[in-house]
Structures are given as structure tokens and as C-alpha cells.
Amino acid sequence: MNLDKITQRYFNLFPGDFSGNPMQRQTPNFLFAQTEIYGYKKAQLLHFNQNLSEEIGLGKIENQEDTDFVNATNLPENIKTYSTAYAGHQFGQWAGQLGDGRAIYAGEIKNSEGKFTEIQWKGAGATPYSRHADGRAVLRSSIREYLMSEAMFHLGVPTTRALSLSLSGEKVARDIMYNGNVDFEQGAVVIRTSETFLRFGHFELLAARNEIDTLQKLTDFTIENYYPEIDKNSGNKYIEFYKKVSEKTAEMIVEWLRVGFTHGVMNTDNMSIIGNTIDYGPFSMLDEYDLNFTSNTTDLPNKRYAFGKQAHIAHWNMIQLANALFPLIKDEAALENVLVDYSEMFWKKHDEMMAKKFGFEKLERYDADFFTSWQKLMEEISTDYTLFFNQLETLQEDTNIPEHFKKCFYQNINSNQETLLIEFVENYKQRLSYNQISRDESKKIMQKANPKFVLRNYLLFECIAEMEEGKTELFDKLWLALQNPYEEIYPEFSVKRPEKYEGVVGCSSLSCSS
Ligand code: AMP
Ligand code: MG
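Residues numbered from 1 in each chain as written. Chains lettered and ligands numbered in written order. Predicted model: local features only at pLDDT ≥ 70, side-chain atom pairs only at ≥ 80, totals over all residues. Heavy atoms only, no water.

Chemist: Sorry, what's going on with the overall build of the chain here?
Modeler: Of the regular secondary structure elements, the chain holds 16 helices and 13 strands. Each principal axis of the C-alpha atoms in the chain carries an extent, and together these give about 70 × 60 × 50 Å. The proportion of buried residues among the 514 residues of the chain is 57%. Long-range contacts, defined as pairs at least 24 residues apart, comprise 71% of the intrachain contacts of the chain with a sequence gap of at least 6. Per element, the accessible surface of the chain, about 21,800 Å² overall, is 47% carbon and sulfur. Between the averaged position of the 54 positive side-chain charges in the chain and that of its 73 negative side-chain charges there is a distance of 1 Å. (Helix = DSSP H or I, 4+ residues; strand = E, 2+ residues; numbered from the N terminus. Buried < 20%, exposed > 50% of the residue type's maximum accessible area, 1.4 Å probe, protein only. Contact = heavy atoms within 4.5 Å. Areas by Shrake-Rupley, 256 points an atom, 1.4 Å probe, with all protein chains shown as cover. Lys, Arg positive; Asp, Glu negative; His and termini not counted. Charge placed at Lys NZ, Arg CZ, Asp CG, Glu CD.)

Chemist: Looking at this structure, how should I read the coordination of the magnesium ion (ligand 2)?
Modeler: For the magnesium ion (ligand 2), every protein donor is listed as Asn-270 (OD1) and Asp-279 (OD), and the spread of their distances is 1.9 to 2.2 Å. Here Asp-279 falls in the buried class, since its relative accessible area comes to 14%. (Donors = N, O, S within 2.8 Å, 3.2 Å for Na, K, Ca; no water.)

Chemist: Would you take a moment to explain the pattern of salt bridges for this structure?
Modeler: Two side chains carrying opposite charge are able to pair once their charged atoms lie near each other. In total, this model carries 28 salt bridges according to the counting rule given. A salt bridge links Arg-497 to Asp-287; the nearest nitrogen and oxygen atoms lie 3.0 Å apart. Residue Arg-497 is located in the segment after α16 (473-482), and its partner Asp-287 is located in the loop between β13 (284-285) and α8 (310-329); the two are separated by 210 residues in the primary sequence. One exposure class covers both Arg-497 and Asp-287, and it is buried. Among the salt bridges present, the one from Lys-477 reaches Glu-492, with a minimum N-O distance of 2.6 Å. Within this pair, whereas Lys-477 is found in helix α16, its partner Glu-492 is found in the segment after α16, the two being separated by 15 residues in sequence. (Salt bridge = Lys/Arg side-chain N within 4 Å of Asp/Glu carboxyl O.)

Chemist: Even after reading the chapter, I still don't get the side chain of Thr-160, so can you show me in this structure?
Modeler: Here Thr-160 is to be found in the loop between α4 (139-155) and β10 (161-174). According to the relative accessible area criterion, Thr-160 is buried, its value standing at 0%. If we ignore the near neighbours within four places in the chain, the residues touching Thr-160 are Glu-145, Ser-149, Thr-193, Ser-194, Phe-197, Asn-276, Thr-277, Ile-278 and Tyr-280.

Chemist: Explain the nonpolar core here, please?
Modeler: When a protein is soluble and globular, its nonpolar side chains tend to lie buried together. Counting residues in hydrophobic clusters, the biggest one holds 123 residues, and the most contacted among them are Leu-147, Tyr-242, Phe-358, Trp-374, Phe-405 and Tyr-428. At 12 residues, the largest contribution of residues to this core is made by helix α7 (residues 237-259). Discounting chain neighbours no more than four positions away, the residues touching Leu-147 are Leu-455, Leu-460, Cys-463, Phe-475, Leu-478, Trp-479 and Leu-482. Of all hydrophobic cores here, the second largest spans 22 residues; its members include Ile-37, Tyr-40, Ile-104 and Val-189. (Core = buried A, V, L, I, M, F, W, Y, C linked by side-chain atoms within 4.5 Å.)

Chemist: Would you take a moment to explain the site of ligand 1 for this structure?
Modeler: The immediate surroundings of ligand 1 are formed by 17 residues, with Gly-99, Gly-101, Arg-131, Gly-135 and Asn-270 found nearest. Residue Asp-134 places a side-chain N or O atom 3.1 Å away from a nitrogen atom belonging to ligand 1. Contact distances for ligand 1 include 3.2 Å between a nitrogen atom and a backbone N or O atom of Arg-136. Relative to its unbound accessible surface of 480 Å², ligand 1 loses 81% to contact with the protein. Its atoms largely coinciding with the cavity grid, ligand 1 occupies the largest pocket. Residue composition of the shell around ligand 1, by class: three nonpolar, six polar and eight charged. (Near = heavy atom within 4 Å. Polar contact = N/O pair within 3.5 Å; in protein donor to acceptor, adjacent residues only side chain to side chain. 1 Å grid on protein atoms, 1.4 Å probe; cavity = no way out; pocket = protein on both sides within 12 Å on 5 of 7 lines; lining within 4 Å. Sits in = over half its atoms within 2 Å of the grid points. Nonpolar A, V, L, I, M, F, W, Y, C, P; charged D, E, K, R; others polar.)

Chemist: What exactly am I supposed to notice about unusual backbone geometry here?
Modeler: Cis geometry marks the peptide bond from Leu-300 to Pro-301; its omega dihedral reads 0 degrees. Tracing the backbone through its elements, the reader meets Pro-301 in the loop between β13 and α8. The backbone phi angle of Ala-72 is positive, close to 60 degrees, even though this residue is not glycine. A relative accessible area of 1% places Ala-72 in the buried class. Residues other than glycine seldom take positive phi values, yet Lys-330 does so here, at roughly 50 degrees. Mapped onto the elements, Lys-330 comes out in the loop between α8 and α9 (332-357).

Chemist: Explain helix α6 (residues 212-226) here, please?
Modeler: Since the α-helix packs 3.6 residues into each turn, any two residues three or four apart lie on the same face. End to end, α6 covers 20 Å across 15 residues, agreeing with the expected 21 Å (1.5 Å per residue, within 8%). Those residues of α6 that fall on the buried side of the exposure criterion are Thr-214, Leu-215, Leu-218, Thr-219, Phe-221, Thr-222, Ile-223 and Tyr-226. The inward-facing, buried residues of α6 abut α1 (10-13), β8 (116-122), α5 (200-208), α7 and α8. (Expected span 1.5 Å × (residues − 1).)

Chemist: Any chance you could explain the pairing of strand β11 (residues 183-194) here in plain terms?
Modeler: The side chains of a regular strand alternate between both faces of the sheet. The element β11 is largely enclosed, with a buried count of nine among its 12 residues. The sheet contact formed by strand β9 (residues 137-138) and β11 spans two bridges and is antiparallel. Bridge pairing links Ala-137 to Ala-188 in β11. The pairing of β10 with β11 spans 10 bridges and is antiparallel. Across the sheet, the residue bridging to Ser-164 is Ile-191, located in β11. (Pairing = 2+ DSSP bridges.)

Next up, the structure:
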């Protein structure tokens, strides 16, 4: 591996705490703190994402030094590890300084095209930002992040990625349901990568601490590196930046809604400044379509982070970012305009996305009514989101409609529901007939918009149970399936969630404990 090519740009660009103090604490005036990794004696590499490693310029694992790097057991001299400080609003409340509590940066690597990628271990131990927690991660949550972030990438959703999955060789104590029952679980470490791991919360922290110089430096750095389309000499660059972030954020949410992803913890510290999906915790892909579904047991009963509320919450989070950037922009009306435009922009992108899912050549004015009729159907009949669109795609002229959709329903349907379904499908066929393109071309649009494979929580649940016993068969199958989500590699994955998993924690909803 090209470990000697790893650099730490932040060290020259931003104020950092190089004291080496491992105490958990506030770090005013600093954006990051140098952080030691104490390492593990018996770490074991479980899986390595060779393609990603090549793509970002790290190359292959060739020797023990490379394995030690991946496992975070021993690092070469040039890799000076650090963690960053950020703040955030959690469940709607200002939470003050949070920071990388269990993420430690190695720095960044440049590939042959000159593109930088940041590299972090997650779960490698405590940092100054661990806030009395241990900085460790358990195998179960690490498998979830490792597989899901890659699944999202292959679905075409903007996301951080996963490079490696290792067992730390140590046990970690966790109270999964926060009810006093502590279990010792296997510890694990994931390396994740992203163009940047900067979050809304980094900007919020600097603004809250009134460190405007650093806020400006960080914003300039972000514009220059991640929003090169913005003219960095323009007087409007900060409002332009804010607008671009709102666009990226809206695009990310539209993509979540397309594939049926519920993040589960959309706090502002979990919002990437480049619109990447970040911090995979109690997420879930939808089984049955339900706008009110929350995947996070900590989010009950309010369901702030429910599937259908994600666009609204992103908007709320954008307001917090507006407050953070205000000292640079100083123009309330301009910020408000972006926030007002957000809704219109989001719904336009959303409706265009939905039109593709249905195979419409282009979005028409009257489609809003059609989408509403579809929502109504989904409210009436508990239906698998992914399978429903797969079945729509394979509709034939002479299809027996109730029979054709049977595999999507979580309950037997009654005659009223059957009538509703038939009416909807007839209506849909009518709408399809307005396309100027052929049915085959329309199907191609649908095939790109509608995955055949989504990484459902019950599959992760089964995979975790196997992996905890050292078996990798399902893991290997999922790894292959998730790389080809628009094809049906394994027909056994193209089914709705089995009945036995209904309401089982870990199979649809999860706690935050990881
Ligand atoms: P999350 O909701 O998972 O994004 O985490 C919120 C905050 O808690 C972040 O600052 C995390 O770094 C921190 N955190 C979560 N789990 C741990 C842990 N096991 N050890 C240290 N910090 C943690
Ligand atoms: Mg987080």
C-alpha cells in the first residue's frame, strides 16, 4: 500500500491541539486534536475492499505493515492521527461540542487523477471527543456500516464508503436496549473513506465559539476543494456555497426516498457538508412503504426522523447551517430566499425521480395527482416498496393484477383493496400510454430507478448472527448482491421481509447502541 503517500492537510491549514492530551475535554480555539491510537494485540482483518483501495490510490495489501495499518495496530511514522471537533443539534436541541468520539483520521490520500480521499478508522478507541464513552464499536454495528455504505454507493446514492472491516480482538460492553442489561460483544474497527468528513456541525461549532477566522478559513477550504464551480473571488461566494449545500442535501434526500432509505439520526452533526450519507447507525431500508416509519427506537414516540419527514428535517438542519454561516454572509434575506427555494427545488427533484420510478418519459403537471393516488394506495395496503416497483415493471397487458402484486403485500387484501389496486393499475397504464417512447424504453428508465436488491435490515440481522459465529457465507453473498443492486443475482433476496421478523428489534427498527 502507498502508506507513505498519506498526508495530513489539516495540520498546515487549521489550528490544532498538538499537546497529545488524551483527556476527554473541550478544545476551544482548535478544529482538531492530535490523537494517539493505542492499538489492539489480536486484531484480525475480516474483509478488505480492494476495488476502493485501488480507486483512491492506496493500492493492495502487500505486507504486515499494510495489515497493521488497516487493523490500526501499528502505524508508519508519517501517519499522524487526529480527530476533529464539531457540534450539533441532536433531536432538535443544541448539544454543544460533540466531535469525533470514535473516529480517528489517518489523513488523506491522493489518487492518480489528483483526487483526495480522507481515511478514518471508526471504533479504534477514545479521543478527546469521546464524552465518557469508550470510542469502540461492536461487530454488529460495524458490519452494518461496512455493508450498507457500500450498498448505498452501488445504488448510486452519495455516501461515505467502507474500506475494511476488522475484529479488534477485544470485548466491548454494551447495553443494547438501554435497559441495564449489559452484554460483552466482539469489538470491531471499520475504515471509512470520503472526499471529506466535514459536517454541518463543524461550522456550527466554530460559529457558536465565535471563532470567525477559522470559520472563514474552513468555508474557503470547503469551497475551494469541494465546490470548485463557485468563483472563490466572488463577493457572493458564501451565499453561493450555502445554496450549493442546500442543493446537494436535497439531492441526497431525493436519493434516499428513491431507494427507501431511512437514516434514523438526522442530527446536524450527521449532515455532511457535501451531501454524502454519513454515520450509519440505526438506519433501515423500507420493507413496507410507510412515511411514518422510523428505524430508530430512540426516535419514538415523536418519530422526528421518520422516512417521510427526512426532507423537512434536512430543511430544519439547513436553517441551523444558515445560522452558522451568518457571520460570513450577514444577509438574512438572502439566506431566507435559499431556504424558501429549497422546498420548490426539493419537490421538483423529487417528482422527477418518482416519474422515473414509474417509467414516465417526462414529468407532467398532472402527475402530482397520480402520485397522490399512489400514496393513497400505499396507505390502504401494506406494500413492499421495492417489490412493488419491480412488479410494476413486469406488468403485461393480460396480467392478473391482484395475483401479480401478491408477493408485495404484508397482509391479505380484501375486495375493496383489490378494487383500489386494479383502479390504480388501470390508471397507471393509461398514464404510461402518454409516453412517446416505447414500453421497452420506459422499462429501461424504471430499471435504472428501481433496485432489484436492497440491503434489508433482516438480511443484516441474519448476516450478523452468522458472523458472530465466524461464518461468512451470507456476508459473501450480500457483498456480491449489493454490488449489483439493479440485477437479481440471488432470487432468494427478492422477497419481502419474512413474517417471523415482523416487529423484531434489529430487523426493522434498531437502538442507537453501537
Ligand atoms: P452518533 O449519533 O452515532 O452520530 O453519535 C453522536 C456522538 O456520539 C458523536 O460525537 C460520536 O462520536 C459519539 N459517540 C457515539 N458512540 C461513541 C462511542 N462508543 N465512543 C465515543 N463516542 C461515541
Ligand atoms: Mg454521528
